[in-house]
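The chain contents come next:
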Amino acid sequence: MEKGLREFKKVIHNNKAEYEGREIMKKFDCIIEPDAAFWAYWYPLQNTIRGIVVNMVLTGVVAHGAYRYYYDEISAGFFLSLVAWSTQIAASLWEIAQLEHQFNHVTPSILKLKAGFDLPVGIDRSPNGIILPPDSPFELEFRDVSFWFEGGKDKDGNVLPRQPILEGLSFKIPRGTKVALIAPSGMGKSTAISLAMGDKDPNSGAIYIDGHRLQDLDRGSVLDCIGFVPQEAEIFDGTVFSNVCYGLRDPKSGSREKVEHFAKKCKMDFLRNGLDTIVGTNGDKLSGGQKQRVGIAMAMMKEPKIYIIDEGTNSLDPTSKKEVQGSLDEMMAGDKSGLTVTHDLNAVRHTCHRFLFLDKAEEGRGSSIVAEAGSLEELAEKNATFRQFALDQGIVL
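Because the structure is predicted, anything quoted here is derived from the model rather than measured.

### Quick look at the side chain of Lys178
Here Lys178 shows up in strand β3 (residues 178–182). Not counting residues within four places of it along the chain, the set of residues in contact with Lys178 comprises Met332, Gly334, Asp335, Lys336, Ser337, Gly338, Thr351, Cys352, His353 and Arg354.

### Quick notes on the nonpolar core
Ranked by size, the top nonpolar core spans 35 residues in total, and within it Leu140, Phe142 and Leu339 carry the most contacts. Setting aside residues up to four positions removed in sequence, Leu339 forms contacts with Leu140, Phe171, Ile173, Val179, Leu181, Ile193, Tyr307, Ile308 and Ile309. Membership of the second largest hydrophobic core comes to 31 residues, among which are Ala233, Leu271, Leu316 and Met331.

### Description of empty space enclosed by the protein
Applying the stated criterion across every chain, the model contains three cavities of 30 Å³ or more. Of the pockets and cavities examined, the largest cavity occupies roughly 100 Å³. Taken together, 14 residues make up the lining of the largest cavity; nearest its centre are Ile309, Gln325, Leu328, Thr340 and Ala347. If you list the elements that add at least two residues to the lining of the largest cavity, you get α9 (318–332) and β8 (337–342). Counted as a void, the second largest cavity has a volume near 90 Å³. Along the walls of the second largest cavity sit His13, Asn14, Ile226, Gly227, Phe228, Pro230, Glu234, Gly295, Met298, Ala299 and Lys302, which together make up its complete lining. Elements with a minimum of two residues in the lining of the second largest cavity: β6 (226–229) and α8 (288–301). Its residues assigned to classes, the lining of the second largest cavity shows five nonpolar, four polar and two charged.

### Section: the environment of Leu275
Within the element layout of this structure, Leu275 appears in the loop between α7 (256–265) and α8. Sequence spacing of Leu275 and Phe241 is 34 residues, and the spatial spacing of their C-alpha atoms is 4.9 Å. When residues no more than four places from it in sequence are discounted, the contact partners of Leu275 are Thr239, Val240, Phe241, Arg256, Val259, Glu260 and Ala263.

### Section: the side chain of Thr277
Position of Thr277 relative to the elements: it lies in the loop between α7 and α8. In this view, Thr277 contacts Gly238, Thr239, Val240, Leu271 and Arg272; residues no more than four positions away in its chain are not counted.

### Some thoughts on the pairing of strand β7 (residues 306–310)
Within β7, five of the five residues are buried, leaving the element largely enclosed by the surrounding structure. Residues of β7 alternate between two faces, with Ile306, Ile308 and Asp310 on one and Tyr307 and Ile309 on the opposite face, all of them buried. Alignment of β6 against β7, held across four bridges, turns out to be parallel. Residue pairing in the sheet places Ile226 in a bridge with Ile306 of β7. Relative to β8, β7 runs parallel, the two sharing five bridges. For Asp310, the partnering residue across the bridge sits in β8 and is Val341.

### Points about the layout of surface pockets
Any empty space left between the atoms is revealed when a probe the size of a water molecule rolls over them. In this structure, the second largest pocket spans a volume of roughly 340 Å³. Surrounding the second largest pocket, 17 residues form its lining, Ser221, Asp224, Cys225, Arg249 and Lys302 being those nearest its centre.

### Considering the packing of α7 against α8
Contact geometry of α7 with α8 gives a least axis separation of 9 Å together with a crossing angle of 130 degrees. It follows that α7 is oblique to α8 by the angle criterion. Two packed elements cross with a definite hand, and for α7 against α8 that hand is right-handed. Here α7 contributes Lys258, Val259, Phe262 and Lys265 to the contact with α8, which in turn contributes Ala297, Met300 and Met301. Class assignment of the residues belonging to the contact of α7 with α8 gives a composition of five nonpolar, no polar and two charged.

### Some remarks on the packing of α8 against α9
For the pair α8 and α9, the least separation of the axes is 9 Å and the interaxial angle reads 5 degrees. With respect to their mutual orientation, α8 and α9 come out roughly parallel. Here Gly289, Gln292, Arg293, Ile296, Ala299 and Met300 of α8 come into contact with α9, specifically with Ser320, Glu323, Val324, Ser327, Leu328 and Met331. Within the contact of α8 with α9, the residues separate by chemical class into six nonpolar, four polar and two charged.

### Some details on the packing of aromatic side chains
Geometry of an aromatic ring pair is reported as the spacing of the ring centres plus the angle between the planes. A complete count under the given rule lists nine aromatic pairs for this structure. On the numbers, 5.2 Å between centres and 85 degrees between planes, the contact of Phe147 with Phe149 is edge-to-face. Summarising the aromatic geometry, the rings of Phe357 and Phe389 are spaced 5.8 Å apart at their centres and angled 45 degrees between planes, so their arrangement reads as tilted. Highlighted residues: Phe357 in strand β9 (residues 354–360) and Phe389 in helix α11 (residues 384–392), separated in sequence by 32 residues. Residue placement shows Arg143 over the ring face of Tyr208; its charged tip is 3.8 Å from the ring centre. Between Arg162 and the ring centre of Trp148, over which it is positioned, the NZ or CZ distance is 3.8 Å.

Rules used throughout
Residues numbered from 1 in each chain as written. Predicted model: local features only at pLDDT ≥ 70, side-chain atom pairs only at ≥ 80, totals over all residues. Heavy atoms only, no water. Helix = DSSP H or I, 4+ residues; strand = E, 2+ residues; numbered from the N terminus. Contact = heavy atoms within 4.5 Å. Core = buried A, V, L, I, M, F, W, Y, C linked by side-chain atoms within 4.5 Å. Buried < 20%, exposed > 50% of the residue type's maximum accessible area, 1.4 Å probe, protein only. 1 Å grid on protein atoms, 1.4 Å probe; cavity = no way out; pocket = protein on both sides within 12 Å on 5 of 7 lines; lining within 4 Å. Points joined across faces, edges and corners; volume = space filled by probe spheres on them. Nonpolar A, V, L, I, M, F, W, Y, C, P; charged D, E, K, R; others polar. Pairing = 2+ DSSP bridges. Axes fitted to C-alpha atoms, helices over the stretch in contact; angles between N-to-C directions. Parallel < 35°, antiparallel > 145°, perpendicular 65-115°, else oblique. Left-handed = near helix turned anticlockwise from the far one by under 90°. Phe/Tyr/Trp six-rings, centres within 6.5 Å; stacked < 30°, edge-to-face > 60°. Lys NZ or Arg CZ within 6 Å of the ring centre and 35° of its normal.

Here is the structure:
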């Protein structure tokens, strides 16, 4: 289930829901349509015809046996055995015939699954969203954003207090600026990423892109502008080439020269068969660091307006972390915008222009930005909690 959810997120974050839906429906229709046309005529009559035939055969066998027994041609024991055998054979034939019945029984479920692709998502979106133009600067801004989970009720029916996650979050990422959102674990960093990607809606406040509310924009055009690197790379079964090209609007249109260019930037020299290397289900044939570099190359292949990185080296060992961090630094070079959420200060120390420290002002409230600066040293001067946070990582500022 967990792997399935990660793969689903990869589809959504790369704006491939419609593409995957079309591909699945093509394969589904190729299998179902010929059988559906046949069973549309046969299915209403099958149970009646099947029952008549089986019962006629069974009646005939019993009648013939009774006739032979009446004229002393068979014994009573043989006649009873004949009846028992005939009943068992008829039951077995009926079970074989039920295979076809089961196929028709599950067909409506498959059709319901097909209809599920058209269900609306549980977030507020304009039906005719504004499409971002190709020359959009993609300036991302959080304006007084708060998010919480409703408390629900306990076993006695008492209303529980809501659980605040983020409170009054405000910052802006101008074009070409790279911002680091730093916080200890459990402070809502990944929630901020989900809000920026449009996976969740804020309970109050709003997120803006180029002056437009995120809810008013066409989500596909927004996701096409984002190169997303999650905590754990989302890899599909197939080749390295197909995975790197997946973020493109048409994954089949990827250029091998371009993929090779980004593969070199990500130091993907571990590929035994080059770009045709099979990665296995969920990238099982690759190490954690190798999978992460494939994911980074996929984000770079999109040539997005902004990179969003959610703890890109969090789950890696020190050696892999160093290799992947080099790929991330290469990706963030140049005039691309970037938002990196992390607790690892070494991951953002040399790549970001602005540093925001997320913490809870007091217990029971949501996290908010308690300090911001243009360098880690300046941030340490402004906030004692951050200074201790850095010392805990062995970094003296």
